[in-house]
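# Coordinate analysis (summary)
Residues per chain are reported as follows:
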Amino acid sequence: MLSIKNLHAAVAGNEILKGIDLEVKAGQVHAIMGPNGSGKSTLAAVLAGREEFEVTRGTVSFAGKDLLGLAPEERAREGLFLAFQYPVEIPGVNSSYFLRTALNEIRQHRGLEKVSAMEFLKIIREKLQLVEMDEKFLKRSVNEGFSGGEKKRNEILQMATLEPRLAVLDETDSGLDIDALKIVANGVNKLRSKDNAFIVVTHYQRLLNYIIPDFVHVLYQGKIVKSGDKELALHLEDYGYDWIKEENSRSERW
Amino acid sequence: MVTTGSKKKIVGLKGGEMKRQLSTEREWYSQLFTEFERSLNGESKTPLHAIRKEAIDWFSDHGFPTMRQEEWRFTNVSAIGEIDFKTGIPKVEDIAPTDLSPYVINNDYNRLVFVDGCFFAGLSRTENLPDGVTVKSLQEAMLTDQEVIQKNLTKHAKIDENGFVALNTAFFKDGAFIHVSKNSLYEQPIHLIYLMTEKSKESVVFPRNLIVAEQNSQISFIENYISLSDTLYFMNPVTEVVAGENAVVHHYKIQQDSLNAFHTSLMQVYQERSSNYTSHNYAFGGSIVRNDIKTMLDGEGIECTLNGLYLARGTQLIDNHSVIEHAKPHCNSRELYKGILDNQARAVFSGKIQVFPDAQKTDAIQSNQNLILSEEATVDTKPQLEIYADDVKCTHGGTVGQINKDGIFYLRARGISADMAKNLMIQAFAGEVTDRLKGESLKEHIVTFVLSQLADGHLKIMHLP
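Read on for an overview of the structure. Treat the numbers as computed from the prediction; the structure is a model and nothing was measured.

### So, the overall build of chain B
- Looking only at helices and strands, one finds 10 helices and 25 strands in chain B.
- Against the globule reference of 23 Å for 465 residues, chain B gives a C-alpha radius of gyration of 22 Å, in line with a compact fold.
- Summarising its shape, the C-alpha atoms of chain B cover approximately 75 × 55 × 45 Å along the three principal directions.
- A burial count over chain B gives 59% of its 465 residues as buried.
- Within chain B, contacts between residues at least 6 apart in sequence are counted, and of these 83% link residues at least 24 apart.

This is the structure:
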């Protein structure tokens, strides 16, 4: 589904990603961990098409298409979803209208009929239950005045509604209390299927108790330096990232 | 389009037409006034005529304002003085109801229609008005409602306000008259349409409106300035509004003049105890636009709300100047003006709140926010608080910004195109003002119009509407 080869990316001339290789297949959940500043969020942003990041080398193919050649909205319509680390507040844009517009853009791209306001209400009610959100939220402006937890749940709500093929969760667990974390994890688990895939970017192992990954990768200084299964995450939890840093500085020295 | 600078020079007009100016604006309008006086039969003995003379004398001494005056520091109106605008446009005979229909907000609304400044009874409609609600042309009211007229007409808008008010006072012939007597109320807005045809080229019109809501009454009206062509004309209205004790007045203004027209106006509002006045001021058209809105809160427990939205594109200059005078204690004023600017457009906002020594417990909030869609557009925003009482709550603020890029990316990341994302953000910005409109058809009319002006995250340059 997603194939990243030797991806290099820079922001304002500073190279942050220094050769990422990653294969994600349908039905899989990949966790990407790593210390602060290792390039995790940059990877998520590059995949979503943020313009501040310049891809200097490498290729990314998504569902057979050259992902890097697509505009952010085209990526979304192809089925890529980024759950933002910091969801943006957009005063004056109604949540319900926003999400219905997004859904219809994606449906249109997939050759499906647009949904009416009434049909949308039926769909969204079901999804709201999934993330335990109140219907009143639909009347509010996008993320405006939301608490941190509400914003993250709203990301999962959008994901559930738009039904992406590949969802990238960028530190969706950061700053969440355990109840909110469970709600978010539960949302992801209910959506898991053999046809879709997830990349869970996280700083902490805790989320991975609830979303069990098939693969865990450690990103350090812009490269994936270690890959393994969920045991790797537990090891990181116990021993931190220092041993990773040490291993790498040693290899650099040699 | 029109060069600015000193008088008596060659002015380039649209289409390359050249015209030599013969007089300064003071001489020009004094001469027009002499002609105007000659056309009057006997009326020149009335008290109103004495006021007209006073007005033209004041104008002869002062002329139009210049940028040397503090309240006109950012707005150069010299271009208006460089054209010898004529009065007395030949009367148009061929306005059909179908010509008017695109501008009718709601067919059920009663309306007064003025074409090139002249009242058109055939297109107007005043039906099913309740007892105590009078809607007619000012010309007619001057004959039939003399008591209200004498008490109010020219009594609130002062001649020495500026040259534009003086000129209107000297020359006005007609406009709208609405009187709501004690305890009467009428909720549906009365639509006042000022339609300009292409015959108005290089002409000036002086609509004069008087709206008087007596004690415990309620009224709603829409001043709507419309052009059927992109002609250069000069629209110079003055509207006097009186909200009596405990009266409720909703005042809408939708200015959709030709993009080549000049529009200078004064809305002078006088509020008595416990009255509630709300203004919704939408400025879309005109090449040089100056709106002065002044409200006098002359009683306790008054509510005054001023909402405004302006869209400026091309080389438009839109200037909104408001003055809210808090003369008595326990009054609230709320002011929100928002502007969207593109290309080389300019906007000026000045909001003065004056709190007199007596006006304790005044609560005043004022905000001006601007969204800029180009590199070249400019805004001058100037909030002013003059407070002479010590127990008051007054806040003000002004912002100028661009569309939030993070917001655009967020919307795009959900599958919404870049153009639609930008339009949504602009719409959302305007929405804070348009959400305050009352009445579904009026709201829909204005929101639809604003939407029709957006394309690819910019304002369209086009004929209005």
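### A short note on the overall build of chain A
- A count of helical and extended segments in chain A gives eight helices and 12 strands.
- Relative to its length of 254 residues, chain A is compact, with a C-alpha radius of gyration of 18 Å against a globular reference of 18 Å.
- Structurally, chain A occupies a C-alpha span of about 65 × 40 × 35 Å along its principal axes.
- Expressed as a percentage of contacts within chain A between residues at least 6 apart in sequence, the contacts between residues at least 24 apart total 68%.
- When the accessible area of chain A is evaluated, it comes to approximately 11800 Å², of which 47% is carbon and sulfur surface.
- In chain A, the 34 positive side-chain charges and the 37 negative ones have mean positions that sit 2 Å from each other.

### What to know about the pattern of salt bridges
All names here are of chain B.
- A full pass over the atoms with the stated rule returns 34 salt bridges over all chains.
- A salt bridge links Lys 361 to Asp 391, with the nearest nitrogen and oxygen atoms 2.7 Å apart. A residue pair is termed long-range when its members are at least 10 positions apart, and Lys 361 in the loop between strand 20 (346-355) and strand 21 (363-372) and Asp 391 in the loop between strand 22 (378-387) and strand 23 (393-401) qualify at 30 residues.
- Residue classification places Lys 361 among the partly exposed positions, given a relative accessible area of 45%.
- Assessed through its relative accessible area of 34%, Asp 391 is described here as partly exposed.

### Looking at the packing of helix 9 (residues 418-434) of chain B against helix 10 (residues 440-452) of chain B
All names here are of chain B.
- Relative orientation of the contacting elements helix 9 and helix 10 amounts to 155°, with a least axis distance of 11 Å. Taken together, helix 9 and helix 10 sit at an angle that is classed as roughly antiparallel. Crossing hand, helix 9 versus helix 10: right-handed. Each of Gln 427, Ala 430 and Thr 434 in helix 9 lies in contact with helix 10, whose residues at this interface are Lys 443, Ile 446, Val 447, Val 450 and Leu 451.
- Split by residue class, the contact of helix 9 with helix 10 holds five nonpolar, two polar and one charged.

### What to know about the interface of chain A and chain B
- Taken together, the contact between chain A and chain B spans 31 residues of the former and 17 residues of the latter.
- Carbon and sulfur atoms make up 66% of the surface buried where chain A meets chain B, a total of about 1900 Å² over both sides.
- Remark: the boundary between chain A and chain B carries four salt bridges.
- Note that Glu51(A) and Arg412(B) form a salt bridge whose closest N and O atoms lie 3.3 Å from each other.

### Quick look at the packing of aromatic side chains
All names here are of chain B.
- Tallied over the full model, the rule gives 24 aromatic pairs over all chains.
- Note on Phe 64 and Phe 164: the rings are 4.6 Å apart at their centroids and 20° apart in plane angle, and the pair reads as stacked. Here the residue Phe 64 occupies a position in the loop between helix 2 (47-62) and helix 3 (78-81), and Phe 164 occupies one in helix 7 (residues 163-171), the gap between them amounting to 100 residues. Grouping residues by exposure puts Phe 64 and Phe 164 together as buried.

### Observations regarding the sheet that holds strand 10 (residues 218-227) of chain B
Residue and element names in this part refer to chain B.
- Taken in spatial order, the 10 strands make up an open sheet running 4-3-7-10-13-15-17-19-21-23, and their pairing is mixed. Both outer strands of the open sheet, strand 4 (118-119) and strand 23, are each paired with one neighbouring strand and no more.
- On top of the sheet, helix 9 reaches strand 15 (276-283), strand 17 (303-312), strand 19 (332-341) and strand 21; it is set at about 155° to strand 19, its chief contact.
- The sheet strands contacting helix 10 are strand 10, strand 13 (248-256), strand 15 and strand 17, and the helix crosses strand 13 at an angle near 30°.

### Remarks on the pairing of strand 3 (residues 29-33) of chain A
All names here are of chain A.
- Counting buried positions along strand 3 gives five out of five residues, so the element sits mostly inside the fold.
- Burial along strand 3 is two-sided: the face carrying Val 29, Ala 31 and Met 33 and the face carrying His 30 and Ile 32 are both buried.
- In this sheet, strand 10 (residues 197-201) lies alongside strand 3 in parallel orientation, the contact comprising four bridges. Paired with Ala 31 across the two strands is Val 200, which belongs to strand 10.
- Direction of pairing for strand 3 relative to strand 11 (residues 215-220): parallel, over a ladder of four bridges. Bridging across to strand 11, Met 33 finds its partner in Val 218.

### Here's the deal with unusual backbone geometry
- Phi at Ala12(A) takes a positive value of approximately 50°, unusual for a residue other than glycine.
- Within the fold, Ala12(A) resides in the loop between strand 1 (2-11) and strand 2 (14-24).
- Taking relative accessible area as the criterion, Ala12(A) reaches 76% and is therefore assigned exposed.
- Despite not being glycine, Lys361(B) shows a phi value in the positive range, around 60°.

### A word on the state of the cysteines
Residues and elements named next belong to chain B.
- Tallied over the entire structure, the rule returns zero disulfides over all chains.
- In this structure Cys 304 is not part of a disulfide, and its nearest cysteine sulfur, from Cys 331, lies 9.3 Å away.
- Judged by relative accessible area, Cys 304 falls into the buried class, the value being 1%.

### Describing the packing of helix 1 (residues 25-39) of chain B against helix 7 of chain B
Residue and element names in this part refer to chain B.
- Viewed as axis vectors pointing N to C, helix 1 and helix 7 meet at an angle of 15°, and their least axial separation amounts to 11 Å. In this view, helix 1 runs roughly parallel relative to helix 7, as classed from their interaxial angle. Handedness of the helix 1/helix 7 crossing: left-handed. Of the residues in helix 7, those in contact with Tyr 29, Leu 32, Phe 33 and Phe 36 of helix 1 are Leu 167, Ala 170 and Phe 171.

### A few points about a negative patch on the surface
Residue and element names in this part refer to chain B.
- A contiguous patch of negative charge, built from Glu 54, Asp 57, Asp 61 and Asp 160, is present on the exposed surface.
- Tracing the chain through its elements places Asp 61 in helix 2.
- Residue Asp 61 is classed as exposed on the basis of its relative accessible area, which comes to 56%.

### A word on the pairing of strand 3 (residues 111-115) of chain B
Residue and element names in this part refer to chain B.
- The element strand 3 is largely enclosed, with a buried count of five among its five residues.
- Because side chains alternate across strand 3, one face comprises the buried residues Arg 111, Val 113 and Val 115, and the other comprises Leu 112 and Phe 114, equally buried.
- By the bridge criterion, five bridges tie strand 3 to strand 7 (residues 190-196) in an arrangement that is parallel. Across the sheet, residue Leu 112 finds its bridge partner in strand 7, namely Leu 192.

### Let's talk about the nonpolar core
- Residues Leu2(A), Ile4(A), Leu47(A), Ile199(A) and Ile340(B) are the most contacted members of the largest nonpolar core, which totals 113 residues.
- Sorting elements by how many residues they give to this core places helix 9 of chain B first, with eight residues.
- Ignoring sequence-local partners within four residues, the contact set of Ile4(A) consists of Ile20(A), Asp21(A), Leu22(A), Leu43(A), Leu47(A), Thr59(A) and Val60(A).
- Of all hydrophobic cores here, the second largest spans 49 residues; its members include Val205(B), Met235(B), Ile318(B) and Tyr337(B).

### Regarding the sheet that holds strand 3 of chain A
All names here are of chain A.
- Judged by pairing direction, the sheet is mixed, and its six strands sit side by side in the order 6-9-10-3-11-12 without closing on themselves. A strand with exactly one partner marks an edge of an open sheet, and here the two such strands are strand 6 (80-83) and strand 12 (223-228). Here the average twist between neighbouring strands, direction ignored, is 20°.
- With five bridges joining them, strand 9 (residues 166-170) and strand 10 adopt parallel strand pairing. By the bridge assignment for strand 10, Leu 166 is matched with Ala 197.

Here is what the cut-offs are and how they apply
- Residues numbered from 1 in each chain as written.
- Chains lettered and ligands numbered in written order.
- Predicted model: local features only at pLDDT ≥ 70, side-chain atom pairs only at ≥ 80, totals over all residues.
- Heavy atoms only, no water.
- Helix = DSSP H or I, 4+ residues; strand = E, 2+ residues; numbered from the N terminus.
- Rg over C-alpha atoms; globule rule 2.2 N^0.38 Å.
- Buried < 20%, exposed > 50% of the residue type's maximum accessible area, 1.4 Å probe, protein only.
- Contact = heavy atoms within 4.5 Å.
- Areas by Shrake-Rupley, 256 points an atom, 1.4 Å probe, with all protein chains shown as cover.
- Lys, Arg positive; Asp, Glu negative; His and termini not counted.
- Charge placed at Lys NZ, Arg CZ, Asp CG, Glu CD.
- Salt bridge = Lys/Arg side-chain N within 4 Å of Asp/Glu carboxyl O.
- Axes fitted to C-alpha atoms, helices over the stretch in contact; angles between N-to-C directions.
- Parallel < 35°, antiparallel > 145°, perpendicular 65-115°, else oblique.
- Left-handed = near helix turned anticlockwise from the far one by under 90°.
- Nonpolar A, V, L, I, M, F, W, Y, C, P; charged D, E, K, R; others polar.
- Buried area = accessible area lost by both parts, 1.4 Å probe.
- Phe/Tyr/Trp six-rings, centres within 6.5 Å; stacked < 30°, edge-to-face > 60°.
- Pairing = 2+ DSSP bridges.
- Disulfide = S-S within 2.5 Å.
- Patch = residues over 30% accessible without salt bridge, like charges linked within 9 Å, V, L, I, M, F, W, Y side chains within 5 Å.
- Core = buried A, V, L, I, M, F, W, Y, C linked by side-chain atoms within 4.5 Å.

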